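What the coordinates show
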Amino acid sequence: MFESLKALWKKENPPPQDYDEQARQLAGEIARLEKELQGTPDNGEIQKALMLTYNRALSVYAKSKTHRQDIDSLFIRIDELRNIIRRNI
C-alpha cells in the first residue's frame, strides 16, 4: 500500500547532461536578452524577460556541473538589473 504512495512522491531526476544542455540554452537566451537591453535599457518587457530568465537559470545552473561556477556572476547581474529597473521607475 505504501509503495504506491511513495511512487507518487518520488521525483524523477533528469541526468546531469540535461541540466548542462538547459544551462547552455539559458546562457544563450541571457546573452541575447542582455544585448537587446543594452540597445534599449528602458524597455520594461526586456527587463522582465531577463529577470525571469535569470531566476530560471539560478536553479538550472546550481544543478549543472559545467555552469555551477557562474552562479555568483549571475547574482551580480541580477543586482545590476534591479538597479536599472529602480532607476527607470
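1. Digging into the confidence of the model for the chain
Averaged over the chain, the pLDDT score is 87; the fraction of residues at 70 or greater is 83%. For the chain, helix α1 (residues 2–9) is the element with the lowest average pLDDT, namely 62, and helix α3 (residues 44–63) is the one with the highest, namely 94.

2. Re the nonpolar core
Nonpolar side chains tend to gather and get buried jointly when the protein is soluble and globular. Ranked by size, the top nonpolar core spans 17 residues in total, and within it Ile30, Leu50, Tyr54, Ala57, Tyr61, Leu74 and Leu81 carry the most contacts. Elements with a minimum of two residues in this core: α2 (16–39), α3 and α4 (71–88). With 8 residues, the top contributor of residues to this core is α3. Excluding residues within four positions of it along the chain, Ala57 makes contact with Leu26, Ile30 and Leu74.

3. Some details on the pattern of salt bridges
Any two side chains of opposite charge can pair, so long as their charged atoms come close to each other. With the rule as written, the count across this model stands at 6 salt bridges. A salt bridge links Arg56 to Glu29; its shortest N-O distance comes to 3.4 Å. Here Arg56 is found in helix α3, whereas its partner Glu29 is found in helix α2, with 27 residues between them in sequence. We classify Arg56 as partly exposed; its relative accessible area is 43%.

4. Let's talk about α4
For an α-helix, the turn length of 3.6 residues means that residues three or four places apart are oriented alike. Taking 1.5 Å per residue as the helical rise, α4 with its 18 residues ought to reach 26 Å, and the 26 Å between its terminal C-alpha atoms agrees with that figure. Those residues of α4 that sit buried are Ile71, Leu74, Ile78 and Leu81. End-on, the buried residues of α4 take up no more than an arc of 70°, which puts them together on one face. Away from its buried face by more than 90 degrees, α4 exposes Asp72, Arg86 and Arg87.

Rules of the game
Residues numbered from 1 in each chain as written. Predicted model: local features only at pLDDT ≥ 70, side-chain atom pairs only at ≥ 80, totals over all residues. Heavy atoms only, no water. pLDDT = per-residue confidence, 0-100. Helix = DSSP H or I, 4+ residues; strand = E, 2+ residues; numbered from the N terminus. Core = buried A, V, L, I, M, F, W, Y, C linked by side-chain atoms within 4.5 Å. Buried < 20%, exposed > 50% of the residue type's maximum accessible area, 1.4 Å probe, protein only. Contact = heavy atoms within 4.5 Å. Salt bridge = Lys/Arg side-chain N within 4 Å of Asp/Glu carboxyl O. Expected span 1.5 Å × (residues − 1). Arc of directions from axis to C-beta.

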